[in-house]
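What follows is the residue order along each chain.
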Amino acid sequence: MLVSRKWLQDYVFLPDSLDSADLANDLTIHTVEVEEVKKQSEGLEGVVVGKILSIEKHPESTKLSIAQVDVGEEKPRQILFGTLAEMHVGRRTAVALAPTVLQGKEINKIKIAGQVSEGMLCLYQELGLRDEDEPLEAPEFDKDVKLGTPVTHALGLDDVIIDIDNKSMTHRPDLWGHYGIARELSAIYRKKLEKYDPPKIQEGKDVKIEVDIKNPEVCGRYMAVVVDGVKIEPSPQWLQDRLVAVGLRPINNIVDITNYVMYDLGKPIHAFDAEGLSGNKEGQINIEVRFADDDEQITTLDDSEHILGKENLLITSCDIPVALAGVMGCLDSSVHDETQRIVFESAHFDPTNIRRTSMRLGLRSDSSARFEKSIDPTSCEDSLRRAVELTLQLCPEAKVVSNVADAKSFKLSQGPIELSLEFLRRKMGVEISEKQAVDILERLGFEVKTKKNSLLVTVPTWRATKDVSIADDLVEEIARMYGYGNIEAILPTYEGAPPSKSPFKIAQKTARRVLAYEKSFTETYNYSFESPEWLKRIGEDISHYIRLDNPVAKDRPLVRRHLYPNLLSNVANNLHRRDTVKLFEIGKVFHREDPGERIHPTSSDLLPRQDLFLGIAYADKKDQTPFLVVADAARAVLDQMGVEDYIIEKFSMPVDFVHNGRCAQILVDGEQIGVITEFHPVALQRLDIDHRVACAELVLSKIALLAGDSVHYQPIPEFPSITRDIAFVVDASAVHAQIVNELEAASDLIESIELFDVYSGEHVDAGHKSMAYKIVYRSKEKTLTSDEIEKEHAKVLGMLEKKFSAKMRA
């Protein structure tokens, strides 16, 4: 099925920035398979509008003529053409200018029987705008079209056509029209879908139309209405352009309307010439839907005769067949040039019956292809209203002169279907949330009510005709919109012992997730080799490093003992281009003084100890205390790994490149598992770094063995919290961990404590520092009053003044 992008935009906004290839890919991933995307202008780049100035017979060929054609150039072009289509002097038509490529065919300047041809006069077929079996005709343009205008502009060929594989939507009757595809795109891109709501039909009283369905099991609904005063003529250009875009040949306004509605809503309708419904009394039209008699004969619109059987469904008027239901109308009741009164039909037929009829008679049509898919019977009214609306627009003198007949007996199974969230997650293999599932279903038009651990889903009418009927169907809907590419591919389970978990791999994965996803750090990969010159600039003693006899890079003969030297180099390089640098690295370090694994199991030789380290580096040109950011990142990693009872305390290192006033170690049971520090400004100057830099190194090899369960579930608090910020000045020797311990002991109502600022400098006495904390109070038993909060907060302030000689700041 061909789909027009411009047509889709009647119902859903598709921005110009959305490439048609991406649109097609998204449709393929989520809904239907797109076979091809093609611009209407493709292959017509060298075709322009030209005017025939003169025509003369070819002196040596009876089948050729010679035309002089003005194509907007300095002089006319001579073009030879045959006699397959009518051409005359003064006609403005499409001209392919040599040399060019027209729909894959090369058009060159050639000489035929002594006469030169500098192009080609083009038929619609040669432009790819009509089928080969249609009448041969060349485009003709009005006088206001400038000569030399590209034919794509003159014909309005600025659309993009999406070719959808019909086999991929045999189960989706709602997708056989532009509105259905637009509905899917609105769900995919979360765009508003315009409501399909043609105006209601204002019924007339001149004619009474009645419908009698003899076999309701194969015809669930039949609607009809009479419109008088129509004038059969060519459709307006916009309507013709729409039909041509989707591969249809315009015929006349009424027939074009029926085709337009079918490709618009996906619902076939039919128009009868009212005069062809013979045998009716004046002011009365009777329509009957019945099975054919054995050997009953009809002649269809294509002028073919068919002998029917008892299983074939007919539309009759006064017992005279006027249409083969759902497949094709009969010739005698067809709309023709003299038709003035028409009867529109919009019906719902049994898909199996239509399929069998079509196959038995070898009669396929766009109509039968859609009815076979089990179309939504509620769409009968919308399609009929749309057809009448267009008829009144195109034929200003037309009016509805009858009632709207509506015989129906259909039933739709719309549920509700109960969908267990556990069933959904097990089938998808994804821990999808209830909110996500509800959002997807509602975007697709389903109505959803939630109950404990399950969803009650009402199916929309357009999906309730054998398409969605069980919980598995809903799983498929959610999965395709969620994106199959977003579902992790997992091999089938099999019997056997699962591999043991590696605490080291889990530690690495956790560190990456926390730092990259939660703390916005970027992972870097450095070589395990170091430059002696760089280490000396930092202030490292290179005598402790392992030197390679045959280094990969001559300027990096040393094997690293730490991660921070290379991270410092990364920071130095990136600070020239960025204001903020946040990096981390996971890798092994090599300490020759500590024994490691044996070279091989039977050897007495030992390798250097190779611990797995996590390095974190941070610098911001506007941040004077990067230590706090790195410390926060290190805490987050340890907390997520489930490391308990770790302590961060002040620490001094016997090296001059570390700012020992901003240095701390991380201890668990007295054993060091990491260090956090800022580098000394003097050392940074040696490295041409003009801003403060902090770094942390954590021994993942040790931490992985200390890791526990980091996930602790707790109920959502019943009562609100109250937050108080405090800032105070204390002696520079005051330790954050001690202050936190005392704050926690000061009040049972304190839920959390967060240090968010440390400052020393102007307005703070020498030997002192300002510290600012955010304290959250909450009771598990009730909502705290202001007086209760103030009382607890006063206790906290009093404790700080008493134990730390703190002076509160405004």
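Structure's up top.
A few points on the structure. Keep in mind that what you see is a predicted model, and the values were worked out from it rather than measured. Each chain carries its own residue numbering, running from 1 in the direction its sequence is written. With pLDDT at 70 or above as the cut-off, local features in this predicted model cover only qualifying residues; side-chain atom pairs require 80 or more to be listed or tallied, and sums for whole chains, interfaces and linings still use all residues. With hydrogens and water set aside, each side-chain value is computed from the structure's full complement of heavy atoms.

1. What about the overall build of the protein?
In this text, helices come from DSSP runs of H or I with a minimum length of four residues, and strands from runs of E with a minimum of two, each type numbered from the N-terminal end. Assigned secondary structure in the protein consists of 20 helices and 41 strands. We compute the radius of gyration over the C-alpha atoms and compare it with the globule rule, which gives 2.2 Å times the number of residues raised to the power 0.38. The globule rule puts the C-alpha radius of gyration for 810 residues at 28 Å, and the 40 Å found for the protein is more than 25% above it. Referenced to the eigenvectors of the C-alpha coordinate spread, the extents of the protein come out at roughly 110 × 80 × 65 Å. Whether a residue is buried, partly exposed or exposed follows from its accessible area with a 1.4 Å probe, protein chains only, as a fraction of its type maximum: under 20%, in between, or over 50%, in that order. Counting across all 810 residues of the protein, residues that qualify as buried make up 50%. Counting contacts in the protein only where the partners sit at least 6 residues apart, residues at least 24 apart contribute 69% of the total. Carbon and sulfur atoms make up 48% of the accessible area of the protein, which totals about 41900 Å². The positive count covers Lys and Arg only, the negative count covers Asp and Glu only, and His and the chain ends enter neither. Note that the charge is assigned to NZ on lysines, CZ on arginines, CG on aspartates and CD on glutamates. Where the 99 positive side-chain charges of the protein centre and where its 132 negative ones centre are 4 Å apart. Contacts between residues were defined by any pair of non-hydrogen atoms, one from each residue, lying within 4.5 Å. For the accessible areas, the method is Shrake-Rupley and the probe is 1.4 Å, while residue cover comes only from the protein chains on display.

2. Considerations on the pairing of strand E6 (residues 92-97)
Burial analysis of E6 places 6 of its 6 residues in the buried class, which makes it a mostly covered element. As defined by bridge partners, strand E3 (residues 47-57) adjoins E6 across 5 bridges and the pair is classed as antiparallel. Looking at the pairing, glycine 50 lines up with threonine 93 of E6. Here the rule is simple: two strands pair whenever DSSP picks up at least two bridges between them. The pairing of E6 with strand E11 (residues 119-121) spans 3 bridges and is antiparallel. Of the residues in E11, the one forming a bridge with leucine 97 is glycine 119.

3. Overview of the environment of aspartate 319
Looking at the secondary structure, you find aspartate 319 in the loop between strand E19 (313-317) and strand E20 (320-324). On the basis of relative accessibility, which here comes to 52%, the residue aspartate 319 falls in the exposed class. Contact partners of aspartate 319, with chain neighbours within four places excluded, come to Glu288 and Arg290. Identification of polar contacts relies on pairs of N or O atoms within 3.5 Å, with a donor-acceptor requirement for protein atoms, meaning one able to donate a hydrogen and the other able to accept it, and with residues adjacent in sequence counted only if both atoms are side-chain atoms. One polar contact links aspartate 319 to arginine 290, side chain to side chain, over a distance of 3.1 Å.

4. Considerations on the environment of cysteine 330
Along the chain, cysteine 330 falls in the loop between strand E21 (328-329) and strand E22 (341-349). Excluding anything up to four places from it in sequence, cysteine 330 contacts Ile298, Thr299, Thr300, Leu301, Pro321, Val322 and Ala323.

5. Considering the sheet that holds E3
What the 5 strands build is an open sheet, ordered E5-E4-E3-E6-E11; its pairing is antiparallel. Since the sheet does not close on itself, it has two edges, and those belong to strand E5 (77-81) and E11, each with one partner. Averaged over all neighbouring strand pairs, the angle between strand axes comes to 45 degrees, with direction disregarded. The axes used here are C-alpha line fits, helices contributing only the stretch in contact, and every angle between their N-to-C directions lies in the interval 0 to 180 degrees.

6. Details of the pattern of salt bridges
Whenever a carboxyl oxygen of Asp or Glu lies within 4 Å of a side-chain nitrogen of Lys or Arg, that contact is scored as a salt bridge. Enumeration according to the criterion identifies 48 salt bridges in this entry. Arginine 662 is the salt-bridge partner of glutamate 678, the closest N and O atoms lying 3.2 Å from each other. Linking glutamate 678 in strand E36 (residues 671-679) with arginine 662 in strand E35 (residues 658-668), this pair joins segments that are 16 residues apart in sequence. The class for arginine 662 is partly exposed, based on a relative accessible area of 22%. Within the structure, one salt-bridge network assembled from shared partners comprises Arg172, Asp174, Glu184, Arg463, Asp467, Glu477 and Arg480.

7. A few points about a negative patch on the surface
A cluster of acidic residues, Glu33, Glu35, Glu36, Glu42 and Glu45, forms a negative patch on the protein surface. Secondary-structure assignment places glutamate 42 in the loop between strand E2 (34-39) and E3. Like-charged residues are merged into a patch within 9 Å and nonpolar side chains (Val, Leu, Ile, Met, Phe, Trp, Tyr) within 5 Å, provided each residue has over 30% relative accessible area and no salt bridge.

8. Examining the packing of aromatic side chains
In this analysis, rings of Phe, Tyr and Trp, with Trp reduced to its six-membered ring, are considered paired at centre separations within 6.5 Å, and the interplanar angle assigns stacked below 30 degrees, edge-to-face beyond 60, and tilted for intermediate values. Per the stated rule, a full pass over the model turns up 9 aromatic pairs. Each ring, one from tyrosine 179 and one from tyrosine 196, has its centre 5.1 Å from the other, and the planes form 65 degrees; the classification is edge-to-face. Of the two residues, tyrosine 179 sits in helix H4 (residues 178-189) while tyrosine 196 sits in the loop between H4 and strand E13 (208-213), which places them 17 residues apart along the sequence. Tyrosine 196 shares its class with tyrosine 179; the two are buried. We call a charge positioned over a ring when the NZ of a Lys or the CZ of an Arg lies within 6 Å of the ring centre and within 35 degrees of the ring normal. Over the ring of tryptophan 462 we find arginine 183; its NZ or CZ atom is 4.0 Å from the centre of that ring. Over the ring of tyrosine 263 we find arginine 370, and its NZ or CZ is 4.7 Å from the ring centre.

9. Comments concerning the layout of surface pockets
The method works on a 1 Å grid over the protein atoms by themselves. A cavity is a set of points holding a 1.4 Å probe that cannot get out, a pocket is an open set with protein on both sides within 12 Å along at least five of seven lines, and residues with an atom within 4 Å of a point line them. Grid points are joined across faces, edges and corners, and a volume is the space filled by probe spheres set on the points. In this structure, the largest pocket occupies an estimated 1500 Å³ of space. Among the elements of the structure, helix H16 (626-641), strand E34 (646-650), E35, helix H19 (736-746), strand E39 (750-759) and strand E40 (768-777) are those that each provide at least two residues to the lining of the largest pocket. Per-element accounting of the lining of the largest pocket gives the leading share, 10 residues, to E39. Of the residues belonging to the lining of the largest pocket, the class tally is 23 nonpolar, 13 polar and 12 charged. Shared between two domains, the lining of the largest pocket holds at least three residues of each, these being domain 5 (503-706) and domain 6 (722-808). Polar here means any residue other than Ala, Val, Leu, Ile, Met, Phe, Trp, Tyr, Cys and Pro, which are nonpolar, and Asp, Glu, Lys and Arg, which are charged; Gly is therefore polar. Throughout, the edges of the domains are those of an automatic or database domain assignment.

10. Some points on the pairing of strand E14 (residues 219-228)
Counting buried positions along E14 yields 9 of 10 residues, so the element is predominantly enclosed. Across 9 bridges, E14 lies against E22 in antiparallel orientation. Its bridge partner lying in E22, aspartate 228 is registered against arginine 341. As defined by bridge partners, E14 adjoins strand E24 (residues 405-408) across 4 bridges and the pair is classed as antiparallel.

11. So, the sheet that holds strand E41 (residues 807-808)
Taken together, the 4 strands give an open sheet; going across it, the order is E39-E40-E38-E41, and neighbouring strands pair in antiparallel fashion. This sheet does not close on itself; its edge strands, each paired only once, are E39 and E41. The pairing of strand E38 (residues 722-731) with E41 spans 2 bridges and is antiparallel. Within E41, the position partnered with phenylalanine 728 by the bridge is methionine 808. Against the sheet, H19 engages E38, E39 and E40, with an angle of about 35 degrees to E40.

12. Focus on the packing of helix H5 (residues 237-245) against helix H6 (residues 253-265)
Two numbers describe how H5 lies on H6: the axes approach to 10 Å, and their chain directions differ by 50 degrees. The angle between H5 and H6 falls in the class oblique. For H5 against H6, the interelement crossing comes out left-handed. Residues Trp238, Leu239, Arg242 and Leu243 of H5 touch H6, and the partners they reach there are Asp256, Ile257, Asn259 and Tyr260. Looking at the contact of H5 with H6 residue by residue, the classes come out as 5 nonpolar, 1 polar and 2 charged. In these notes the angle categories are as follows: under 35 degrees is roughly parallel, over 145 is roughly antiparallel, 65 to 115 is roughly perpendicular, and the rest is oblique. For any pair of crossing helices, the crossing counts as left-handed if the nearer helix is rotated counterclockwise from the farther one by less than a right angle, and right-handed if it is rotated clockwise.

13. A few points about H19
Regarding H19, the residues found buried are Ile739, Val740, Leu743 and Ala746. Taken down its axis, H19 places every buried residue within 125 degrees of arc, on the same side. On its buried face, H19 sits against E38, E39, E40 and helix H20 (786-804). Within this analysis, the arc is defined by the directions that extend from the helix axis to the C-beta atoms.

14. Considering the packing of helix H10 (residues 421-428) against helix H12 (residues 471-482)
Where H10 meets H12, the axes come as close as 10 Å, and the angle between the chain directions of the two elements is 60 degrees. When the interaxial angle is binned, H10 and H12 end up oblique. Our pair here, H10 against H12, has a crossing hand that is right-handed. The segment H10 lies against H12, with Phe423, Leu424, Lys427 and Met428 engaging Ala471, Asp472, Val475, Ile478, Ala479 and Tyr482. Across the contact of H10 with H12, the residue classes break down as 8 nonpolar, no polar and 2 charged.

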